[in-house]
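# Observations on chain architecture
Listed below, chain by chain, are the residues.
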Amino acid sequence: MTRTPGAILPDLTPFRSSRQFRLLWVQGLVTYFGSSMAMIALPLQIKDLTDSPLAVGAMGAVELVPLIVFGLYGGALADAADRRRVILLSEAGLGLLAVVLLVNGLLPEPALWPLYVVAAGVSALAGLQRPALDSLMARIVPHDQLTAAAALNSLRWQIGAVAGPSLAGVVVAYAGAPTAYAVTVAGFAVSVLMCLRLAPAPPSGEADRPSLRTIAEGARYAWSKPVLLGTYAIDLAAMFFAFPLAIFPFLAQDLDAEWALGLMYGAIPLGSIVVSLTSGWASRVRRHGRMVALGAAGWGLAMAAAGWMSNIWLVLLCLVAAGGGDTISGLGRSTIWNQTIPEEFRGRLAGIEVLSYSCGPQLGQVRAGAMAGWTGTRTAVWSGGLACVAAVGLLAGVLPKLLTYHADTDEDALRRRAQKAGGQAGEGRADEPLAEPLPGAERTAAERTAADTP
């Protein structure tokens, strides 16, 4: 179906063109719905055991090192191994960690240390898995549908993020953390069964085994692209300064609205859903760098306002607005990444992407927890939001090529479009198994780097 110029509703073309995209979409929804239960129960359980904002924020510190190490390794692994196998095994591992949370939660006196161990393990497995998931998307979706696919993926995650936390707040309050962990285990079991139905996705051509050298090759390529650097830096700054989710239990307590904790976690993805459901306009945007900067600035402003407000309903409204801004920025980032990065670097740069949009939140939790203990919860929220806006403005000035990026004139985007168009015959239909190497895959990574670097 051809979209009309005034279309507002999401572009559903990727659903129709790719069976693999449909399967991944549903699998991701199931996974996120289940894991959202643990996302709420875990920090709340740490709060109940310690009554310390710093102890809750320390989750970010525990998760940071595994995320960095395994995120970078997972990127190299995604370029060298069958991506479907990486996704399947890591999903099974995440399910086993959910079982550990369930067993610990059923003990008469749950221990604190297993919560941090599981948090570190989840971070490691997520770091391994996410590059394979992200790099697979650009391979199964046609080039001109990448923005639409990004919007649909955002909608998927946010539906789960609204339903999961909102329901989890009620489940934990009335049925306890073990019940929430049991739902998480069930969700991962279903997800593993769905991953078994994915088509094989072997590497393109002869790929080197994961090593420090291959990781360094990906890092050098990213460093040579100011547009990519801008997307990473702005997202990292926005999450570091304005990601106070770890201290939401204390913010709810300050506002005398503990009953609204689940709603607070669900308000951000609700804002994302609003943007995703009206994302038809995004497929017509060509200057995606501006989307990245403006969306991140909007996220920071909304978080600053949430810290100032003393009425819970106004706070929830600000969090909804923050979620919308973050999704606009995310659509721009995802589109730039998929439009410009060559296939043979997709996994390794997806590993770098994991660091940019995952390390920021982990560091942000540590910052928010430490600052809340020093200055108070609300001050930690609003000051971080203002710092986010300032950082985005500074980075936009330092990296002007991000704001001037245009999908129809950028050299890397045009090169990737030609590569994708030339590979349609070799790749086959989007819903067929991805067993054949892409055209041009016989070229070495070094040759491709030389060709793609100005």
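Presented here is a report on the structure given in the accompanying data block. (Residues numbered from 1 in each chain as written. Predicted model: local features only at pLDDT ≥ 70, side-chain atom pairs only at ≥ 80, totals over all residues. Heavy atoms only, no water.)

Turning our eyes to something else, we now look at the overall build of the chain. Broken down by element type, the chain carries 19 helices and 0 strands. The 454 residues of the chain split such that 57% are buried. Considering only contacts within the chain whose residues lie at least 6 apart along the sequence, 87% involve residues at least 24 apart. Split by element, the accessible area of the chain, about 18,000 Å² in all, is 69% carbon and sulfur. (Helix = DSSP H or I, 4+ residues; strand = E, 2+ residues; numbered from the N terminus. Buried < 20%, exposed > 50% of the residue type's maximum accessible area, 1.4 Å probe, protein only. Contact = heavy atoms within 4.5 Å. Areas by Shrake-Rupley, 256 points an atom, 1.4 Å probe, with all protein chains shown as cover.)

This part covers the side chain of threonine 214. Examined against the element boundaries, threonine 214 turns out to sit in helix H8 (residues 212–223). Filtering out sequence-adjacent residues up to four positions away, threonine 214 remains in contact with Ala76, Asp208, Arg209 and Arg348.

Turning our eyes to something else, we now look at the pattern of salt bridges. This model, assessed by the stated rule, comprises 7 salt bridges. Two residues, glutamate 217 and arginine 348, come together in a salt bridge whose shortest N-O distance is 3.0 Å. Within this pair, whereas glutamate 217 is found in helix H8, its partner arginine 348 is found in helix H14 (residues 346–375), the two being separated by 131 residues in sequence. Using a relative accessible area of 8% as the deciding quantity, one classes arginine 348 as buried. Lysine 225 is the salt-bridge partner of aspartate 412, the closest N and O atoms lying 3.1 Å from each other. Placement of aspartate 412 in helix H17 (residues 411–422) and of lysine 225 in the loop between H8 and helix H9 (226–241) is noted, with a sequence separation of 187 residues between them. Across the pair, lysine 225 and aspartate 412 agree in class, each one buried. (Salt bridge = Lys/Arg side-chain N within 4 Å of Asp/Glu carboxyl O.)

Right, let's talk about unusual backbone geometry for a bit. Unlike most non-glycine residues, aspartate 51 shows phi in positive territory, near 55 degrees. By the element assignment, aspartate 51 lies in the loop between helix H2 (19–50) and helix H3 (53–80). Located in the positive-phi region is aspartate 256, a residue other than glycine, with phi close to 55 degrees. Mapped onto the elements of the fold, aspartate 256 is located in the loop between helix H10 (248–254) and helix H11 (261–277). For aspartate 256, a relative accessible area of 63% translates into the label exposed.

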